[in-house]
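Commentary on secondary and tertiary structure
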Amino acid sequence: MLVETEFVLRLLLPGLIDDTDVVSVAIHNRLNDRDSFLRAVDVESAGPILTISEDTIDDLNIPLSGDLTVRIPIGEHGVQLRDSGVYPVSVVVRTGNGDRLAEMMTHMVIAPPAPVVSRVAIGLTMDVRPAAETSGNIDNDDAAAVWIRGITSNPTVPVTVQVNGRLLDDSTNDPLIQSLRERVQADRAELLVAPYVPIDERALAIEGLSKDATELFERGIATLSAFADTTPTLTTLLTNGWPDVDLAGIWRDRGVRDLVVVDETTDFDAPIETETATGPIDLLVTPVRFTDAAPSNPILRAHHLLAELAVVALSADHPTATVLAYETGQGADEEFVTELLNGLSRSAPLLTSVTVSEAFATAPLVTISGRPLNVDLSADVAIERLAGDITQYREADRVLAAYRSMIRQQDADVLHDQLAEQLLLSLGLGVTGEERELVAQRVVDRIRIEVQAIKPPPLGSVNLTSRSATYPFAFQNNASYAFRVEARFITDKAKFVEFADGESLTLVLEPDSVTSREIRVEALSSGSFPLRIELLSPDGELSLGTVELTMRSTAPSGIGIVISIGAALVLVVWWSRELLRSRYRRKTDTT
């Protein structure tokens, strides 16, 4: 790899070799650019040989283990290499008759005195999968464990981690997660924002659930902030593959300004720009060949990757930046991770390890006219909606909101917060439509059962003995916590003068008790008439019960009073006339 005065090659020779077998180590012509590097895939295509050494197994004094260390002096007292660059180094083991037994190729890098700055960042998307045991510990063979061990054992190599909060909570007591916490809290370590669980942001936006997506991000930010003792980076995103312009626009509206994408092939070695409907986003494009952390030959693959990064740095006429984007869900080999990180730690100043955000600080690629290089994203692709019917989710969300309006803040964690979390997490990637519907139904059923603790006044009648009277109405709450409810009194024959809107009032029903409320009623007529009392959540979205009562008023009505007064006046007039007639007759008889 990066060489100053001596190139050291450590080999493990194949078994069953003979003392007469020959080991050949050759240094080939310098590779001038990335194209020539990619063409030199094996010993045959490595190019002309500058120098070669050949020794028999007997001369090398190889131990029984087969370990062989080859040292090639470079410079004044060794191989004379005038130019800096990347040189292929091939190793071939042959029999005494010339038959090949084994071969391999690696690279030697000679850095110039003042290399052009080349930034390299490790971007790790963590898909933590706890082992099956209930302890929640990460299995030692899991790719997440491999990467955590690698980055914690190389504290000088910056790391950028994108991880969902739920995955950290699932393994919060795992020693590996604790070591990851210490690592991301160190200098030049970066934690990217992510929702609490993985989601399809576009699918949620299509369903009108952007509020729910925002809630998942807010919860993710809170979890990651507590984990790292700092707010995660909000503007950078690691993603697999190119987004279309619509999805990129959704990300930009969320605050993303720097986007790492993975492409099949790419010639970009610095940030480029793309446009969305609401503004630009900067891109760093990672070749898909860089993203395999579990190659068949892990050590050689790590060396080959580092050599390609060196070729880019040495052949570019501008500062370069590369993000090595890995996902733990795709697996990882311990030797690859170790060799890659060790190589990066020893590659300065040719390769400078940075965080992903620092990689985006590299000057962007420009056109001949000096304008930033801009690429067009594809038009909106076929839209994939959330699996299953979202109707039940909406109903459960409505019922939960209504229930929340009924309870106090200190009582929310009794049941509401647990159910709200279950429902919200059902929006995560990988949840089937059937599973989401089952969760939604369980939420609705649980709330319906809970509010059955509220009972309206028992069936019966309300008797009023005067036109305006106060009557006690009793409401029961059998739950262990208080409820706030709205009671609506509906009738055409009476007024409830204390109610602001004439028919409803808000009640606080204390736990395990009956709440009696004296309510002034003004009857508009005498006789019997129906009174319906409806109990609702304060937001009016959830019906808690209805009772039909009979209201009886024995007080005379206004018309009755008028008739009674009229009748009395008639009687007074009649009796007055009769009295005058009687007096007149007595007077006549006397005369």
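**Describing the overall build of the chain**
Helix and strand counts for the chain stand at 15 helices and 26 strands. Compactness check: the chain gives a C-alpha radius of gyration of 41 Å against a globular reference of 25 Å for 591 residues, more than 25% above the reference. With the C-alpha coordinates of the chain rotated into their principal frame, the extents come out at 175 × 60 × 40 Å. Relative to all contacts within the chain whose residues are 6 or more apart in sequence, the contacts with residues 24 or more apart total 75%. Between the averaged position of the 50 positive side-chain charges in the chain and that of its 86 negative side-chain charges there is a distance of 20 Å.

**A look at the environment of Ser369**
Mapping Ser369 onto the fold places it in the loop between α11 (356-359) and β17 (374-375). A residue is classified by how much of its surface remains accessible, and Ser369, at 58% relative accessible area, is exposed. Separated by 2.9 Å, the side chains of Ser369 and Thr367 make a polar contact.

**Description of the environment of Ala46**
Note on placement: Ala46 falls in the loop between α1 (34-39) and β4 (49-56). Residue classification places Ala46 among the buried positions, given a relative accessible area of 3%. Separated by 97 residues in sequence, Ala46 and Ala143 have C-alpha atoms that sit 33 Å apart.

**As for the confidence of the model for the chain**
Interpreting fine coordinate detail is not advised for predicted regions of low pLDDT. Looking at the chain as a whole, its pLDDT mean stands at 87, while 91% of the residues score no less than 70. Looking across the chain, the model is least confident in helix α15 (residues 558-590), with a mean pLDDT of 55, and most confident in strand β11 (residues 236-238), with 98. The model gives residues 130-134 a pLDDT under 50, and that stretch makes 8 contacts with residues more than four places away or in other chains.

**Quick notes on the pattern of salt bridges**
Under the counting rule described, the total for this entry stands at 22 salt bridges. Measuring nitrogen to oxygen at the nearest pair gives 3.2 Å for the salt bridge that ties Arg34 to Glu308. Here Arg34, found in helix α1, pairs with Glu308, found in helix α9 (residues 298-315); they are 274 residues apart in sequence, far enough to count as distant. Take Glu308: its relative accessible area is 1%, and that puts it in the buried class.

**Structural notes on the pairing of strand β13 (residues 272-276)**
Only one face of β13 is buried, namely the one carrying Ile272, Thr274 and Thr276, since none of Glu273 and Glu275 on the opposite face is buried. Across 5 bridges, the pairing between β13 and strand β14 (residues 279-287) is antiparallel. Of the residues in β14, the one forming a bridge with Glu275 is Pro280. In this antiparallel pair of consecutive strands, β13 and β14, the connection spans 2 residues.

**A short note on the pairing of strand β10 (residues 189-192)**
Judged by which residues are buried, β10 turns out to be covered on both faces: Ala189 and Leu191 on one side and Glu190 and Leu192 on the other are all buried. The pairing of strand β9 (residues 159-163) with β10 spans 4 bridges and is classified as parallel. Pairing of Val161 across the sheet is with Leu191, part of β10.

Scoring rules and cut-offs
- Residues numbered from 1 in each chain as written.
- Predicted model: local features only at pLDDT ≥ 70, side-chain atom pairs only at ≥ 80, totals over all residues.
- Heavy atoms only, no water.
- Helix = DSSP H or I, 4+ residues; strand = E, 2+ residues; numbered from the N terminus.
- Rg over C-alpha atoms; globule rule 2.2 N^0.38 Å.
- Contact = heavy atoms within 4.5 Å.
- Lys, Arg positive; Asp, Glu negative; His and termini not counted.
- Charge placed at Lys NZ, Arg CZ, Asp CG, Glu CD.
- Buried < 20%, exposed > 50% of the residue type's maximum accessible area, 1.4 Å probe, protein only.
- Polar contact = N/O pair within 3.5 Å; in protein donor to acceptor, adjacent residues only side chain to side chain.
- pLDDT = per-residue confidence, 0-100.
- Salt bridge = Lys/Arg side-chain N within 4 Å of Asp/Glu carboxyl O.
- Pairing = 2+ DSSP bridges.

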